[in-house]
Amino acid sequence: MRVVIAGDSTASDYPPDRAPRTGWGQALAMRGGFDVRNHARSGASTRSFIAAGLLDAALADLAEGELLLVCFGHNDAKADERYSDPWTEFPSHLRRFVVGARDRGATPVLLTPVERRHFVRARLQPTHGAYPARVRAVAREEDVALIDLTRGTAALWQSQGIEQSKASFLWLEPGEWPGYPDGEQDDTHLSSSGARLVADLVATHLSGDSFRARSTPGGSRARTPVT
């Protein structure tokens, strides 16, 4: 299955000197069964991805019958030039990805953002505000296939619990990894094992019946959302 990925640091590729930091798109390419062209960029929001010409590059790499996986929401809330209002600009930007894919006879797939590791009294708490709900709304309104990674990963981190879930993120002891001599306590970015778990969630959905048929010329729509 050939896929093009547009997203942020949770999906992007990293060189060996950043190990064990790994994006789920990088892990998806390593698991087999998928021909992945990963255009995800660390720090990107929908706004900055479009402004930097990265959407144009991703669409140029997208062929008829392929899938465009679109996963943003971590950086659209940042109070800088990346900001996209969740009620106006963010859904408008997402629609540009959808239209661009369909114009090429490809199938867009919207993904809600990977949930962060944020526990309060042993319960994982949501951290993305209105953005996941807006992704779901655009998927309904535009009849786009949806992979709800926010709910899926929240359930996963909750099942792991406070301590075990640290292994899915960049919780590193000083000197444990060459690239992090002082250690790290990062509840946003995934370790190689965490990225593999998220990639497994994505792969399971993409291998289901809703994604087996290729788009027809002109961009047929995937009718069954995946949750």
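Okay, so let's go over this structure. These figures come from a predicted structure and were not determined experimentally. (Residues numbered from 1 in each chain as written. Predicted model: local features only at pLDDT ≥ 70, side-chain atom pairs only at ≥ 80, totals over all residues. Heavy atoms only, no water.)

1. A short note on the pattern of salt bridges
Going by this rule: Counted as salt bridges are all cases of a side-chain nitrogen of Lys or Arg within 4 Å of a carboxyl oxygen of Asp or Glu. Each helix corresponds to a stretch of at least 4 residues labelled H or I by DSSP, and each strand to a stretch of at least 2 residues labelled E; elements are numbered beginning at the N terminus. Burial here depends on accessible area, computed with a 1.4 Å probe over protein chains only, as a share of the maximum for the residue type. Under 20% is buried, over 50% is exposed, and the range in between is partly exposed.
Under the defined criterion, the tally for this structure stands at 13 salt bridges. Between E66 and R2 there is a salt bridge, and its shortest N-O distance comes to 2.7 Å. Pair noted here: E66 is in the loop between α3 (54-60) and β3 (67-71) and R2 is in strand β1 (residues 2-7), with a separation of 64 residues, a long-range link. Between R37 and D61 there is a salt bridge, and its shortest N-O distance comes to 3.7 Å. In this pair, R37 is assigned in strand β2 (residues 35-38) and D61 in the loop between α3 and β3, connecting sequence segments 24 residues apart. The exposure class of D61 is partly exposed, given its relative accessible area of 28%. Salt bridges here are not isolated pairs; linked through shared partners, they connect R2, D35, R37, D61 and E66.

2. Concerning the packing of aromatic side chains
Describing an aromatic ring pair means giving the distance of the ring centres and the angle of the ring planes. Stated precisely, the cut-off is as follows: Here is the rule: rings of Phe, Tyr and Trp (six-membered ring for Trp) pair when centre to centre is within 6.5 Å. Planes less than 30 degrees apart are stacked, more than 60 are edge-to-face, and the remainder are tilted.
Evaluation of the coordinates by the stated rule reveals five aromatic pairs. Consider the rings of F49 and F72, whose centres lie 5.3 Å apart with planes at 70 degrees: the pair is edge-to-face. With F49 in helix α2 (residues 46-51) and F72 in the loop between β3 and α4 (89-103), the pair connects residues that are 23 residues apart, well separated along the chain. Here W157 and F169 contribute two aromatic rings whose centre-to-centre distance is 4.9 Å and whose plane-to-plane angle is 65 degrees, an arrangement assigned as edge-to-face. Highlighted residues: W157 in helix α6 (residues 149-164) and F169 in strand β8 (residues 169-172), separated in sequence by twelve residues. We note that W157, like F169, is buried.

3. Focus: the environment of G194
Our working rule: Here a residue-residue contact requires only that any non-hydrogen atoms of the pair lie within 4.5 Å.
Note on placement: G194 falls in helix α7 (residues 192-206). Between the alpha carbons of G194 and R95 there is a distance of 29 Å; along the sequence they are 99 residues apart. If we skip the residues at most four places from it in the chain, G194 touches W157 and S168.

4. Description of α6
Defined as follows: What a helix should span is 1.5 Å times the count of its residues minus one.
For α6, which comprises 16 residues, the first-to-last C-alpha distance of 19 Å sits more than 12% below the rise-based estimate of 22 Å (1.5 Å per residue). Among all positions in α6, only L149, T150, T153, L156, W157, Q160 and G161 are buried.

5. Description of the packing of α6 against α7
Counted only if it meets this: Helix axes use the C-alpha atoms of the stretch in contact, all axes being lines fitted to C-alpha atoms, and the angles between their N-to-C directions lie in the range 0 to 180 degrees. Geometric relationships in this document are graded by angle, where less than 35 degrees denotes roughly parallel, more than 145 denotes roughly antiparallel, 65 to 115 denotes roughly perpendicular, and other angles denote oblique. The handedness criterion is simple: a crossing whose near helix is rotated anticlockwise from the far helix by less than a right angle is left-handed, and one whose near helix is rotated clockwise is right-handed. In this classification, Asp, Glu, Lys and Arg are treated as charged, Ala, Val, Leu, Ile, Met, Phe, Trp, Tyr, Cys and Pro as nonpolar, and every other residue, Gly included, as polar.
Taken N-terminus to C-terminus, the directions of α6 and α7 make an angle of 135 degrees; their axes are 11 Å apart at the nearest point. As the angle between them shows, α6 and α7 are arranged oblique. Helix-helix and strand crossings are classified by hand; for α6 and α7 the assignment is right-handed. Along the contact surface, α6 presents L149, G152, T153, L156, W157 and Q160, while α7 presents G194, L197, V198, L201 and V202. Grouping the constituent residues of the contact of α6 with α7 by class yields seven nonpolar, four polar and no charged.

6. Describing the side chain of Q160
Convention followed: Here a polar contact is recorded for every N or O atom pair within 3.5 Å, except that within protein the pair must consist of a potential hydrogen donor and a potential acceptor, and residues adjacent in sequence are included only if both atoms are side-chain atoms.
Note on placement: Q160 falls in helix α6. A relative accessible area of 13% means that Q160 is categorised as buried. In terms of polar contacts, Q160 uses its side chain to reach the side chain of S168, at 3.1 Å. When near neighbours in sequence (up to four residues on either side) are disregarded, Q160 contacts S165, S168 and L197.

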